[in-house]
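# Observations on chain architecture
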Amino acid sequence: MNRALRTFAVLAGLLTASTPALAQDPILGFPSSMLAEQMAIEAQARAVPNADTLRDQMRILSAEPHEAGTERSREVAQLILERFRSYGLDAKIERFEALMPRPVARTLEMVAPVQFTATLEEPPLAFDSDSDDANQLPTYNAYSADGDVTAPLVFVNYGIPEDYEVLDSLGISVEGKIVIAKYGHSWRGIKPKVAAEHGAVGAILYSDPEDDGYYIDDDLPEGPMRPEFGVQRGSVMDMPVHPGDPLSPGWASVEGARKLSIDEAKTIMTIPVLPISYSDALPLLENLGGPVAPESWRGALPITYHIGGGPAVVHLALEFDWETRPLYDVIATVPGELSPDQWIVYGNHHDAWVNGAEDPISGMVALGETARSIGELLQTGWRPARTIVFAAWDGEEWGLLGSTEWAEKHQDRLREGGVVYLNTDSNNRGWLGASGSHSLQEFTRQVARDIRDPKTGDSVLEAALEHRGDSTFAIGALGSGSDYTAFIDHLGMASLNASFGGGSHDGVYHSIYDSFDFYTRFSDTTFVYGVAEAQTLATAILRLADAPLLPFEFTAPAETYGEYVDEIEEEAAEQDATRALDLSGVRDAVETLETAAAAYADASAGIIDMSEAEVQENWDELEAVNRLVYRTERLLTDEAGLEGREWFRHLIYAPGFYTGYGVKTMPGIREAVEDRPNAAVAQREAARVESAIRAYADQVQRAAEALNTITRQ
């Protein structure tokens, strides 16, 4: 079916769909001649997502605990597979495997000055029909070491590097001790990692009510915050080294593939680690002596917080089975009609620590509705210009396992033709938040401009800006913590992570209380933000799949990278060890990028005046320009990787070695200034960043020149 007939079919099916008032504004990458057609297609897609369908699908997918590596996870994958196929999509399950140790034995007891045995359980609550489900995963931290240790206890606040500076100033050592740290202010895996570096023999993590309990809001069942026996499960894999299967860094873990031995693995913790509730933590903390904790360290428990060590002495014993278990990624593909080798990939994980209604099913069902909207468009005869791939990942909670293994398996194909990776995870009521490659910032702003906010009726963009008290839209930088990591950090594929949230309190993260009953009582209770999420991603996918010129823009990267240079220079000037750092070469490279970005903006403006016939006649030439455009992100990577963690190759974005999820921009330079001050290392890293940005700028300039030959004929 030619494009004109497809347009007629789509318009004929457009009955009740509406478009925002701003919808006729220009759309990046589209000529004016194609706007009406594109907006009609988008409007039909946005009319599909339905709150009742989201609710029903959440009820089904979160009905049972379904952690990765289990038959229940396979059953959820099968349900998603069948759903994709019912939309007319070509879908399959790709099976991988990974080391996924489960607990065999867990013991935590205080042996002095009094006896106390921790319960290590979360009790069911009457309002929550899923809180007493069978097959709930015990409260534990995945990739903790085995261990049986007895030692005095030391309170280390959040257990991050600056807390140990305070301990040093007080003359308190954790060597040979067990530490107890609050969840928060950093990713959980950093806490035992830093403790082990300081000689601790074990680590206990707990949720203080100041952070996600009664200090914030009423706790369950009256309110949404973590109750006294609530526990945050979670992985403590050293993901800043690499995510994915600990035994196959850099290559896909499929049946029969080579594996490292467990002793060779770099991402397994070296000391035993256990999460507990604040009910179990309270007796331990109130039996600590030593100095009173600094005011900033004190939580909301009804005690005077002391640091220790002792007199509390704790016995911690953990044993795991260290088994390799299966992963089930569900992959649905919509082949592109004009550029099938160019892929737009959109993923959300399906595995949960327990039932996982919010994390991840709220995002998974929104992806399902986005896929359904694409399926309905296919029924009209519409076909995307580029290939669309929907992915339901397994094993995210353990360490981004399924997405990493899939990306490593298909890495050659993705490096060649991977255009953009879109990611979602949990979704809730509130405002749109987005982080990603800054070449996608203007694209994201325009998508947000054209989606209605469920609460105000204004655009999602207006609602977000009003909430933030800002007049300028900007996306954040990506660190790690979800399934985009392999795509941007390892493969250099432009990526974007988006979700709604911030409109409600929530203290059930990674507990048995993250359930359908909780979500429908306290979270996006009417599922209107799930609809908005599905509409947002459907719109993004359609623009990326069909834009004659990919909607990348390079002024935002130039401005943002310049801000990073300013930040690092300011920090370096404050330290004797890095005061001599010279970033003039990086700044010059950024200025070169500014010039190239302006040239590209001028050249891309020419696309606006092209007719649809001219687009079709010049598609091959435009495709060549687009290859230059989407491969710009690759040039920001270095095959040598970051120092000490070669898997991470992006020189602009990476999780910090001591932040875990939190991003370190220009990480090689920044960490040599902030974490391990060394001017020589920072200067060496600056040379790499300068070279990468110059190559990036050169490719942007080449794309501008190639585009001018098309639009100015």
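## Thoughts on helix α18 (residues 555-573)
The end-to-end C-alpha distance of α18, which contains 19 residues, comes to 27 Å, matching closely the 27 Å that a straight helix rising 1.5 Å per residue would cover. Along α18, the residues classified as buried are A556, P557, A558, T560, Y561, G562, Y564, V565, I568 and A572. Against α13 (441-449), α19 (584-604), α22 (667-674) and α23 (679-711) lie the buried residues of α18.

## Looking at the sheet that holds strand β7 (residues 202-206)
Reading across the sheet, the seven strands line up as β3-β2-β10-β5-β6-β7-β9 and stay open at both edges, with mixed pairing between neighbours. Each edge of the sheet is formed by a strand with only one pairing partner; in this case those strands are β3 (116-117) and β9 (273-276). In this structure, strand β2 (residues 103-112) lies alongside β3, joined through two bridges in antiparallel fashion. Counterpart to M110 in the pairing with β3 is F116. Contacts from helix α6 (residues 190-197) reach β6 (178-182), β7 and β9 within the one sheet, and its direction differs from that of β6 by about 145°.

## What to know about unusual backbone geometry
Cis geometry marks the peptide bond from G310 to P311, where omega comes out at 0°. By secondary structure assignment, the location of P311 is in strand β10 (residues 308-320). Here the bond from D359 into P360 is cis, since omega is 15°, no more than 30 degrees from zero. Note that P360 resides in helix α9 (residues 357-379). Phi is positive for H185, close to 65°, though the residue is something other than glycine. The topology assignment puts H185 in the loop between β6 and α6. Phi angles above zero are rare outside glycine, and H510 is one such case at about 60°. Considering the arrangement of structural elements, one finds H510 in the loop between β16 (495-502) and α16 (516-522). Among the residues examined, H510 registers a relative accessible area of 4% and is labelled buried.

## Here we look at the environment of E94
Inspection of the secondary structure assignment puts E94 in strand β1 (residues 90-99). For the pair E94 and S691, spaced 597 residues apart in sequence, the C-alpha to C-alpha distance is 38 Å. Excluding residues that lie within four positions of it along the chain, E94 makes contacts with L327, Y328, D329, I331, W406, K409 and H410. Side chain to side chain, E94 and W406 meet in a polar contact 2.9 Å long. Looking at E94, its side chain comes within polar contact range of the side chain of K409, at 3.2 Å.

## Considering the packing of helix α21 (residues 619-630) against α23
At a minimum axis distance of 9 Å, the contact between α21 and α23 shows a crossing angle of 165°. With respect to their mutual orientation, α21 and α23 come out roughly antiparallel. When the axes of α21 and α23 are compared, the crossing they make is left-handed. Where α21 approaches α23, its residues E621, L622, V625, R627, L628 and V629 are matched on the opposing element by Q699, R702, A703, A706, L707 and I710. By residue class, the composition of the contact of α21 with α23 is eight nonpolar, one polar and three charged.

## Some details on the nonpolar core
Counting residues in each nonpolar core, the largest one holds 216 residues, and the members touching the most others are F84, F390, Y561 and M666. Considering each element in turn, this core owes the most residues, 13 residues, to α23. Contact partners of Y561, with chain neighbours within four places excluded, come to V590, L593, L636, I652, Y653, M666, I693 and Y696. Counting five residues, the second-largest nonpolar core is a separate cluster that includes I27, F30, L35 and M39.

## Brief notes about the confidence of the model for the protein chain
Within the protein chain, residue pLDDT values average 95, and 96% of them lie at 70 or more. Note that pLDDT drops below 50 for residues 1-23; the model gives that stretch 42 contacts with residues more than four away or on any other chain.

## Considerations on the layout of surface pockets
The volume enclosed by the largest pocket comes to roughly 1100 Å³. Along the walls of the largest pocket sit 47 residues, with E358, D359, S426, Y509 and Y661 positioned nearest its centre. Elements with a contribution of two residues or more to the lining of the largest pocket: α7 (209-212), α9, α10 (396-399), β15 (430-436) and β16. With six residues, β16 is the largest single contributor of residues to the lining of the largest pocket. Split into classes, the residues belonging to the lining of the largest pocket amount to 15 nonpolar, 22 polar and 10 charged.

## Focus: a nonpolar patch on the surface
A surface patch of nonpolar side chains, about 310 Å² in accessible area, is lined by Y214, Y215 and I216. Examined against the element boundaries, Y215 turns out to sit in the loop between α7 and β8 (234-235). Y215 sits in the exposed class, given a relative accessible area of 54%.

## Observations regarding the packing of aromatic side chains
What the rule picks out here adds up to 27 aromatic pairs. On the numbers, 6.0 Å between centres and 75° between planes, the contact of F320 with W322 is edge-to-face. By the burial criterion, F320 is buried, and W322 matches it. Feature note: the residues Y140, Y143, F320, W322, W353 and W398 constitute an aromatic cluster, connected by ring pairs. The ring of Y158 carries K182 above its face, with NZ or CZ at 4.3 Å from the centroid. Positioned over the ring face of Y658 is K193, at 5.4 Å from the centre of the ring.

What counts and what doesn't
Residues numbered from 1 in each chain as written. Predicted model: local features only at pLDDT ≥ 70, side-chain atom pairs only at ≥ 80, totals over all residues. Heavy atoms only, no water. Helix = DSSP H or I, 4+ residues; strand = E, 2+ residues; numbered from the N terminus. Expected span 1.5 Å × (residues − 1). Buried < 20%, exposed > 50% of the residue type's maximum accessible area, 1.4 Å probe, protein only. Contact = heavy atoms within 4.5 Å. Pairing = 2+ DSSP bridges. Axes fitted to C-alpha atoms, helices over the stretch in contact; angles between N-to-C directions. Polar contact = N/O pair within 3.5 Å; in protein donor to acceptor, adjacent residues only side chain to side chain. Parallel < 35°, antiparallel > 145°, perpendicular 65-115°, else oblique. Left-handed = near helix turned anticlockwise from the far one by under 90°. Nonpolar A, V, L, I, M, F, W, Y, C, P; charged D, E, K, R; others polar. Core = buried A, V, L, I, M, F, W, Y, C linked by side-chain atoms within 4.5 Å. pLDDT = per-residue confidence, 0-100. 1 Å grid on protein atoms, 1.4 Å probe; cavity = no way out; pocket = protein on both sides within 12 Å on 5 of 7 lines; lining within 4 Å. Points joined across faces, edges and corners; volume = space filled by probe spheres on them. Patch = residues over 30% accessible without salt bridge, like charges linked within 9 Å, V, L, I, M, F, W, Y side chains within 5 Å. Areas by Shrake-Rupley, 256 points an atom, 1.4 Å probe, with all protein chains shown as cover. Salt bridge = Lys/Arg side-chain N within 4 Å of Asp/Glu carboxyl O. Phe/Tyr/Trp six-rings, centres within 6.5 Å; stacked < 30°, edge-to-face > 60°. Lys NZ or Arg CZ within 6 Å of the ring centre and 35° of its normal.

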